[in-house]
Amino acid sequence: MSDIQGLVDSHHHVWDPGHRPQPWLEEPGHEPIRRTFRPDDLRRSATRAVAGRTLTRTVVVQCVTSVPETRELLALAAEDPLIGAVVGWADLTSPAIGDVLDDLRSGPGGRYLRAVRHLVQGESDPEWLQRPDVERGLGVVQELGLGYDVLIRAHQFPQAVRLAQRFPGLPLVLDHAGKPPVAGHDLAAWEREVRTLAGCPQVRCKVSGLITEADWETWALDDIRPVWDVLLSAFGPDRLMFGSDWPVSVLAGGWNRWAATVEELLADCSADETAAVLAGTATDFYRLKEGTSCS
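This structure is a prediction, so every number in the text was calculated from the model and none was measured. (Residues numbered from 1 in each chain as written. Predicted model: local features only at pLDDT ≥ 70, side-chain atom pairs only at ≥ 80, totals over all residues. Heavy atoms only, no water.)

S.K.: It is not clear to me how the pairing of strand β2 (residues 55-61) should be interpreted in this structure. Could you clarify?
M.R.: Successive residues of a regular strand alternate their side chains across the two faces of the sheet. Burial runs high along β2: 7 of the 7 residues are buried. Pairing of strand β1 (residues 7-12) with β2, which is carried by 4 bridges, proceeds in the parallel orientation. Its bridge partner being in β2, Leu7 is matched across the sheet by Leu55. In this region the chain leaves β1, passes through helix α1 (residues 39-45) and returns to the parallel neighbour β2; the handedness of that crossover is right-handed. With 4 bridges connecting them, β2 and strand β3 (residues 83-88) associate as parallel partners. In the strand pairing of β3, Val59 is matched with Ala85. (Buried < 20%, exposed > 50% of the residue type's maximum accessible area, 1.4 Å probe, protein only. Helix = DSSP H or I, 4+ residues; strand = E, 2+ residues; numbered from the N terminus. Pairing = 2+ DSSP bridges. Right-handed = clockwise from strand over helix to strand, strands pointing away.)

As structure tokens, then:
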């Protein structure tokens, strides 16, 4: 089965806190995911089909600001046919970023490096993405033909918009829809910002991470649908991609419950629109067909 026919999970993580510490896991409430998660754990968790599609390919995303972690993820992609692409980390502010990325791409699994990401959500500088050293690094990312995953919180949209405007040739994907305040039910400001960002044609958006922005215990489909309606209207299905944010999503119901929710959200979409959200957009953005086929 090819990627375009199956289900692509465009955003998941793996980690082993005993090998590589994940300090954020020490925050209260994260006890259920404070353990090792590997691709086989995902295989065991992702048992539900979505619109008749079963999981065939994934994109694994960095968690910590660590080049060695990225190196490990690339090597894992080379070993595991489920993983079709890696979103890694490199220091965008470093004058040597080009050499670092070249080194990563020449190592084991290096051909799976398709994008980079920085944890901008944790940066206090409201213009971090416009820093001259950061922009230089992003220019190198673009020159090397890589994409960039934009991880921001709702109040950081202005710098993401400026990024998209200043780098129209850099493929961008908005992680977790910019983390809308689902639990607060006040989406007006987020909607204005996300529609502005969607006006930049090179930007895609991951339909992911929404349930952990809702109330973990009480969320329901009606909490997610207003966000979905905005995303579908702003980006269209050809610029949206399904992502589980597993195993973080375990905190709010897990892979299968999120998959069931997405299937309900897609109920009024055509077969072609559904195919785009569940496989096509991610396959194109992360160039998944360049990898080996998943059996």
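S.K.: So what exactly am I meant to see when it comes to helix α3 (residues 97-106) here?
M.R.: Because an α-helix completes one turn every 3.6 residues, residues spaced three or four positions apart along the sequence face the same direction. When α3 is considered as a whole, its buried residues turn out to be Ile97, Gly98, Leu101 and Leu104. Taken end-on, α3 shows its buried residues confined to a sector of 130°, consistent with a single buried face. Exposed side chains of α3 directed beyond 90 degrees from the buried face belong to Asp99 and Ser106. At its buried positions, α3 is contacted by α2 (67-79), β4 (113-118) and α4 (132-143). (Arc of directions from axis to C-beta. Contact = heavy atoms within 4.5 Å.)

S.K.: For this particular structure, what's the right way to read the environment of Val87?
M.R.: Counting through the fold element by element, Val87 comes out in strand β3. With a relative accessible area of 0%, Val87 lands in the buried category. Through-space distance from the C-alpha of Val87 to that of His118 is 9.9 Å; in sequence the pair is 31 residues apart.

S.K.: Before we go on, may I ask you to explain the layout of surface pockets in this structure?
M.R.: Any empty space left between atoms is shown by rolling a water-sized probe over those atoms. In this structure, the largest pocket spans a volume of roughly 570 Å³. Lining the largest pocket we find 23 residues, and of these Trp24, Gln121, Arg153, Lys179 and Val248 sit closest to its centre. For the lining of the largest pocket, a count of residues per class yields 9 nonpolar, 8 polar and 6 charged. If you add up the space inside the second largest pocket, you get close to 200 Å³. Grouping the constituent residues of the lining of the second largest pocket by class yields 5 nonpolar, 2 polar and 6 charged. (1 Å grid on protein atoms, 1.4 Å probe; cavity = no way out; pocket = protein on both sides within 12 Å on 5 of 7 lines; lining within 4 Å. Points joined across faces, edges and corners; volume = space filled by probe spheres on them. Nonpolar A, V, L, I, M, F, W, Y, C, P; charged D, E, K, R; others polar.)

S.K.: Help me understand unusual backbone geometry in this model?
M.R.: Across residues other than glycine, the phi torsion is negative in most instances, and most of the peptide bonds are trans. Cis peptide bonds are those with omega within 30 degrees of zero, and the linkage from Trp246 to Pro247 qualifies with 0°. Its place among the elements puts Pro247 in the loop between β8 (240-242) and α8 (255-265). For His176, which is not glycine, the phi dihedral falls at a positive 55°. Mapped onto the elements, His176 comes out in the loop between β6 (172-174) and α6 (188-198). By relative accessible area, which is 4% here, His176 ends up buried. One non-glycine residue, His185, lies in the positive phi region at around 60°. As for its position among the elements, His185 is in the loop between β6 and α6.

S.K.: So what exactly am I meant to see when it comes to the sheet that holds strand β7 (residues 203-207) here?
M.R.: Pairing between the strands of a sheet is mediated by backbone hydrogen bonds and can be parallel or antiparallel. The 8 strands are arranged β1-β2-β3-β4-β5-β6-β7-β8 in an open sheet whose pairing can be described as parallel. Both outer strands of the open sheet, β1 and β8, are each paired with one neighbouring strand and no more. Adjacent strand axes in the sheet meet at a mean angle of 25° when their direction is disregarded. On top of the sheet, α8 reaches β1, β2, β7 and β8; it is set at about 140° to β8, its chief contact. (Axes fitted to C-alpha atoms, helices over the stretch in contact; angles between N-to-C directions.)

S.K.: Just checking my understanding: could you explain the nonpolar core for this structure?
M.R.: As a rule of thumb, nonpolar side chains are buried together in soluble globular proteins. Leu101, Leu138, Tyr148, Trp190, Leu231, Phe235 and Trp255 are the most contacted members of the largest nonpolar core, which has 88 residues in total. Ranked by residues supplied to this core, first place goes to helix α7 (residues 221-235) with 8 residues. Val87, Ala282, Phe285 and Leu288 belong to the second largest nonpolar core, which has 13 residues in total. (Core = buried A, V, L, I, M, F, W, Y, C linked by side-chain atoms within 4.5 Å.)

S.K.: For this particular structure, what's the right way to read the pattern of salt bridges?
M.R.: Two side chains carrying opposite charge are able to pair once their charged atoms lie near each other. A full pass over the atoms with the stated rule returns 13 salt bridges. Arg44 is the salt-bridge partner of Asp41, the closest N and O atoms lying 2.9 Å from each other. Taken together, the residues Asp41 and Arg44, both in helix α1 and 3 residues apart, mark about one turn of the helix. You can call Arg44 exposed: its relative accessible area is 58%. Residues Arg131 and Asp133 are paired through a salt bridge, measuring 2.7 Å at the closest nitrogen-oxygen approach. For Arg131, a relative accessible area of 29% gives the class partly exposed. In the salt-bridge network here, residues are joined through shared partners; they are Arg117, Asp149, Asp175 and Lys206. (Salt bridge = Lys/Arg side-chain N within 4 Å of Asp/Glu carboxyl O.)

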